[in-house]
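Structure assessment
Chain by chain, the residues:
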Amino acid sequence: MHRALTNIPLFPLSGHVLPGGVMRLRIFEPRYIRMVREVCAQDDGRIGMCMFNEHGSIEANSHIHPIATLARVIDFEHRDDGLLGITVEGVDACQIDAIHSDSDGLRRGAVHIIDHWPPTELPPQFQHLAERLCQVYAEYPELGSCPGDDRLGRADWICQRWLELLPVNAETKQELLREPSCERTLDYLSGLINESEQ
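Residues numbered from 1 in each chain as written. Predicted model: local features only at pLDDT ≥ 70, side-chain atom pairs only at ≥ 80, totals over all residues. Heavy atoms only, no water.

Taken as a whole and judged by the stated rule, the model has one cavity of 30 Å³ or more. Taken as a whole, the largest cavity encloses approximately 60 Å³ of empty space. If you go around the largest cavity, the residues you meet are L13, G15, H16, V17, L18, M49, C50, M51, I67, A68, T69 and L177. Looking at the lining of the largest cavity, the elements with two or more residues in it are β3 (47-51) and β4 (67-78). A per-class count over the lining of the largest cavity returns nine nonpolar, three polar and no charged. (1 Å grid on protein atoms, 1.4 Å probe; cavity = no way out; pocket = protein on both sides within 12 Å on 5 of 7 lines; lining within 4 Å. Points joined across faces, edges and corners; volume = space filled by probe spheres on them. Helix = DSSP H or I, 4+ residues; strand = E, 2+ residues; numbered from the N terminus. Nonpolar A, V, L, I, M, F, W, Y, C, P; charged D, E, K, R; others polar.)

Shown next as structure tokens:
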């Protein structure tokens with residue numbers, strides 16, 4: 001039985017964070033500032049980081065794709081521009097089962113945690129995906145640093161980071177995340193990156 005959670009605040013975005021990833025955000029809308037305060041006041045507060053569905057209806061709450069990431073706030077700051085800066089870390093993949101709205105428009109969801117791709121060793125023929133990812137971290141230090149541990153040898157972790165970074169549409173990401181393993185995503189990403197470097 002997958003663990004079910006209720007009343008999870010939902011944050012739909014065009015940018016995405018997946019389990020194991022980190023994202024920095026600037027918060028300015030009052031409902032999302034309230035969301036951050038609420039989550040930070042809880043011992044194990046989580047935000048549902050959702051993929052925005054540009055073909056969905058905001059009124060019907062179909063503007064939020066069903067597969068999301070439960071994330072925790074790991075840092076926050078009051079910025080000089082008056083905005084609230086937060087850093088979130090993806091923890092678990094989840095599926096949204098139902099959505100309701102607070103009076104100020106903050107969406108909340110009933111979700112259940114789903115089994116995500118199992119840890120998978122990176123096959124030798126896809127080693128270039130890890131090498132190129134480290135190059136991206138070196139070129140864009142704001143993303144963080146290239147890990148020096150065994151994560152670079154895990155295909156599932158590599159695929160998640162590329163899906164966060166590349167401008168792949170949310171529908172395609174949802175389809176790939178529904179797969180039982182990252183094998184299809186490896187082929188897809190390898191084709192994309194090879195094509196971009198030709």
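What follows deals with the nonpolar core. Membership of the largest hydrophobic core comes to 29 residues, with the highest contact counts inside it found for L129, I158, W162, L163, L177 and L186. Every element with two or more residues in this core is listed here: α2 (127-139), α3 (155-165), α4 (170-177) and α5 (183-196). Those residues in contact with W162 that lie beyond four places of it in its chain are L129, R132, L133, V136, L189 and I193. (Core = buried A, V, L, I, M, F, W, Y, C linked by side-chain atoms within 4.5 Å. Buried < 20%, exposed > 50% of the residue type's maximum accessible area, 1.4 Å probe, protein only. Contact = heavy atoms within 4.5 Å.)

Moving on: the environment of E29. Inspection of the secondary structure puts E29 in the loop between β2 (22-27) and α1 (30-40). Separated by 55 residues in sequence, E29 and L84 place their C-alpha atoms 9.6 Å apart. Side chain to side chain, E29 and R31 meet in a polar contact 2.9 Å long. (Polar contact = N/O pair within 3.5 Å; in protein donor to acceptor, adjacent residues only side chain to side chain.)

Throughout the structure, instances matching the rule amount to 15 salt bridges. Residue E89 is joined to R72 by a salt bridge in which the shortest nitrogen-to-oxygen separation is 2.7 Å. Taken together, the residues E89 in strand β5 (residues 84-101) and R72 in strand β4 connect sequence positions 17 residues apart. We classify E89 as partly exposed; its relative accessible area is 24%. Judged by its relative accessible area of 35%, R72 falls in the partly exposed class. One connected set of salt bridges, linked through shared partners, spans R34, E38, D102, D104 and R108. (Salt bridge = Lys/Arg side-chain N within 4 Å of Asp/Glu carboxyl O.)

Evaluated as defined, the whole model comprises one aromatic pair. Geometry around W157 places R161 over its ring, the cationic atom sitting 5.1 Å from the centre. (Phe/Tyr/Trp six-rings, centres within 6.5 Å; stacked < 30°, edge-to-face > 60°. Lys NZ or Arg CZ within 6 Å of the ring centre and 35° of its normal.)

As a further point, take a nonpolar patch on the surface. A surface patch of nonpolar side chains, about 250 Å² in accessible area, is lined by Y140, L143 and L165. Mapped onto the secondary structure, Y140 falls in the loop between α2 and α3. (Patch = residues over 30% accessible without salt bridge, like charges linked within 9 Å, V, L, I, M, F, W, Y side chains within 5 Å. Areas by Shrake-Rupley, 256 points an atom, 1.4 Å probe, with all protein chains shown as cover.)

Before going further, it helps to examine the environment of C159. Position of C159 among the secondary structure elements: in helix α3. Linking C159 and S190, residues 31 residues apart in sequence, is a C-alpha distance of 9.8 Å. Excluding anything up to four places from it in sequence, C159 contacts W117, C182, T185, L186 and L189.

This part takes up the layout of surface pockets. Taken as a whole, the largest pocket holds about 530 Å³ of empty space. Looking at side-chain class alone, the lining of the largest pocket contains 10 nonpolar, seven polar and five charged residues.

Okay, the state of the cysteines next. Across all of its chains, the model carries one disulfide by this definition. Note on cysteine connectivity: C134 is disulfide-linked to C146, with sulfurs 1.8 Å apart. The sign of the -40 degrees torsion about the S-S bond sets the C134-C146 disulfide as left-handed. One end of the pair, C134, is in helix α2; the other, C146, is in the loop between α2 and α3, with 12 residues separating them in the sequence. Assessed through its relative accessible area of 23%, C134 is described here as partly exposed. Take C40: it sits in no disulfide, and the sulfur closest to it among the cysteines is that of C50, at 17 Å. (Disulfide = S-S within 2.5 Å.)

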